[in-house]
Amino acid sequence: MIIRIATAEEAARLTPYLPVTHAVLDGDRLVGGLSLIEARPGVRELSIWVIPEERRRGVASKAVRTMTEQADGRLEMVTDVADTVSQRVALNAGFTREAVRRNSGPGGGRPDDVVWAWLPGDPSGPAARTFPDLRGGELRDGEVSLRPLGPADVDELLTLINLPDVRARSIVRHVRPRAEVARRCEHAPSEWLAGNRADFTIRVNDELAGDIGLFYEAWSRSAMVGYSMLPAFRGQGVVTRAVRLLSAWAFEIGIPRLAAGTAPDNAASQRVLEKAGFVREGVQRSRVDGPNGTRIDDVVYVLLP
């Protein structure tokens, strides 16, 4: 595959009825179109489409990388937060995720937009990723599996995180409305690609048992682990197996330190962490909000490779 960007004259001839500034060609064959418009002085916004039968061949990524090689100023791409295909194109072309613009997208639902940028001097890609794609799409230990959180998990997650005893152990204690949970599930694949957090559902023979996640701190290259379980699956070793699965994957992808915090009286969670190999390191006094305006200590557990 030899991708090239046609001149403006060629684009006008090849795509006379389409609003593009450049034609994307594989040799002499039209495979897509690219638009480059001035969003504001010194900044150009880039968008691209590929004809259906040419998708999943890397056409868009190669075309966008070609544009970065020719650019002499800031380029931006704006993607719907749910459009992970376009976000992968941006990453593969070396763009950096800079911001989420809330309710900025077109249409009645006003989806959130993600802003990506490339500057002269940035590598042409692909950008490094903290969380790679999972082989086989999940982490599995027999009947226990961890699957990336997504939009299809809204109703199950809503039930789980609004259980009174789950809320009592959470940093966020209010009852979460469905819209808030839906937004979290919709954003989860994008947050994964950005390397901010990797959220999973815990499943036993495909049935929801709980949720678990890694929350990455770029400055320290370490991650926090958090989890919650449905009552029917507690006390059976499921969450311990989930923590072990997640920890093994984290070390495999190069995260050098994992930490988890529990309330001083949360003996069940402390046993889970100890069974998964975590070591108690200390107590951070008055670290998080407690009930009725109080502050509570955080007991810190750490796991190293």
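Before reading further, recall that the structure is shown in the block above.
Conventions and cut-offs
Residues numbered from 1 in each chain as written. Predicted model: local features only at pLDDT ≥ 70, side-chain atom pairs only at ≥ 80, totals over all residues. Heavy atoms only, no water. Helix = DSSP H or I, 4+ residues; strand = E, 2+ residues; numbered from the N terminus. Buried < 20%, exposed > 50% of the residue type's maximum accessible area, 1.4 Å probe, protein only. Contact = heavy atoms within 4.5 Å. Areas by Shrake-Rupley, 256 points an atom, 1.4 Å probe, with all protein chains shown as cover. Salt bridge = Lys/Arg side-chain N within 4 Å of Asp/Glu carboxyl O. Pairing = 2+ DSSP bridges. Axes fitted to C-alpha atoms, helices over the stretch in contact; angles between N-to-C directions. Arc of directions from axis to C-beta.

Visitor: Give me the overall build of the chain: which residues, what numbers.
Guide: Counting secondary structure elements, the chain contains eight helices and 15 strands. With the principal axes as the frame, the chain shows a C-alpha extent of 70 × 35 × 35 Å. Counting the 305 residues in the chain, one finds 45% classified as buried. Counted over contacts in the chain with a minimum sequence separation of 6, partners at least 24 positions apart contribute 56%. Only carbon and sulfur atoms are counted for the fraction: they give 52% of the accessible area of the chain, which is about 15700 Å².

Visitor: How would you sum up the pattern of salt bridges? Please name residues and give values.
Guide: Scanning the entire structure with this criterion turns up 31 salt bridges. The partner of Arg-101 in a salt bridge is Asp-113, with the nearest N and O atoms 4.0 Å apart. In this pair, Arg-101 sits in strand 6 (residues 96–101) while Asp-113 sits in strand 7 (residues 113–118), placing the two residues 12 residues apart along the sequence. We classify Arg-101 as partly exposed; its relative accessible area is 37%. Take Asp-113: its relative accessible area is 7%, and that puts it in the buried class. Among the ionic pairs, Asp-206 bridges to Arg-147, the shortest N-O distance being 2.3 Å. Taken together, the residues Asp-206 in the loop between strand 10 (197–204) and strand 11 (207–217) and Arg-147 in strand 9 (residues 144–148) connect sequence positions 59 residues apart.

Visitor: Can you tell me about the sheet that holds strand 9, naming the residues and giving the values?
Guide: If you walk across this open sheet you meet the eight strands as 8-9-10-11-12-13-15-14, and the pairing is mixed. A single partner strand is all that each edge strand has here, and the edge strands are strand 8 (139–141) and strand 14 (279–289). The average undirected angle you get between the axes of adjacent strands in this sheet is 25°. Against the sheet, helix 7 (residues 238–252) makes contact with strand 8, strand 9, strand 10, strand 11, strand 12 (222–229), strand 13 (258–262) and strand 15 (295–303), and its axis sits at roughly 35° relative to strand 11, the strand it touches most.

Visitor: Could you give me a rundown of helix 4 (residues 154–161), with the residues and numbers involved?
Guide: When we look at burial in helix 4, the residues that qualify are Val-154, Leu-157, Leu-158, Leu-160 and Ile-161. An end-on view of helix 4 places all buried positions within 165° of arc, on one side of the element.

Visitor: Lay out the pairing of strand 2 (residues 22–26) in plain terms, naming residues and giving numbers.
Guide: Within strand 2, five of the five residues are buried, which leaves the element mostly enclosed by the surrounding structure. Examined bridge by bridge, strand 2 and strand 3 (residues 29–40) share five bridges and lie antiparallel to one another. Bridged to Asp-26 within strand 3 is Arg-29. Taken together, strand 2 and the strand that follows it, strand 3, pair antiparallel across an intervening segment of two residues, in which Gly-27 is found at a positive phi of about 70°.

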